[in-house]
Amino acid sequence: MPREFSLAHLTLLTCNPPDLIEVAARTGYDYVSLRPIAVTPNEPKYPFGVDKTLRKATKKSLSDTGVRLLDIELARILPRIDPKVYLPAFEAAAELGGKQV
């Protein structure tokens, strides 16, 4: 059985999800790991959980390339964060085929 590889979004965090998927496809990756939940205040934001246009473009890129969504990065559990704020990202990731966080 051949090994499968996933390109983590943190590797190219300046790429939006559709562009990262294209990079993954061109470089032979089977999967991507996307980051719809920002962790730091200064990183680029790709909230495809609430941005339906971005989610649609991401879904199209996955379909066009055959690259699959392995997981999303990352949901921090902190006292000041209500985990319910992550639901849109989780639901969108599930819609895109992701199964892990």
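Keep in mind that what you see is a predicted model, and the values were worked out from it rather than measured.

Cut-off values and rules
Residues numbered from 1 in each chain as written. Predicted model: local features only at pLDDT ≥ 70, side-chain atom pairs only at ≥ 80, totals over all residues. Heavy atoms only, no water. Phe/Tyr/Trp six-rings, centres within 6.5 Å; stacked < 30°, edge-to-face > 60°. Buried < 20%, exposed > 50% of the residue type's maximum accessible area, 1.4 Å probe, protein only. Helix = DSSP H or I, 4+ residues; strand = E, 2+ residues; numbered from the N terminus. Expected span 1.5 Å × (residues − 1). Arc of directions from axis to C-beta. Contact = heavy atoms within 4.5 Å. Polar contact = N/O pair within 3.5 Å; in protein donor to acceptor, adjacent residues only side chain to side chain.

Novice: When you look at the packing of aromatic side chains in this model, what are you seeing that I'm missing?
Specialist: The final tally for this structure, using the stated rule, is one aromatic pair. Judged by centre distance (6.1 Å) and plane angle (40 degrees), the rings of tyrosine 86 and phenylalanine 90 are tilted. Relative accessible area serves as the criterion here: at 29%, phenylalanine 90 is assigned to the partly exposed category.

Novice: Even after reading the chapter, I still don't get helix 2 (residues 52-65), so can you show me in this structure?
Specialist: Owing to its 3.6 residues per turn, the α-helix aligns residues three or four sequence positions apart on the same side. Its 14 residues give helix 2 an end-to-end C-alpha distance of 20 Å, which sits within 8% of 20 Å, the value for a rise of 1.5 Å per residue. Listing the buried residues of helix 2 in full gives Leu54, Arg55, Thr58, Ser61 and Leu62. One side of helix 2 holds all its buried residues, which, seen down the axis, span an arc of 125 degrees. Residues of helix 2 that are exposed and point over 90 degrees away from its buried face: Lys52, Thr53, Lys56, Lys60, Ser63 and Asp64. In this structure, the buried residues of helix 2 make contact with helix 1 (17-26), strand 2 (31-34), strand 3 (68-72) and helix 3 (87-95). With a side-chain oxygen positioned 3.1 Å from the backbone nitrogen of threonine 53, the residue opening helix 2 is aspartate 51.

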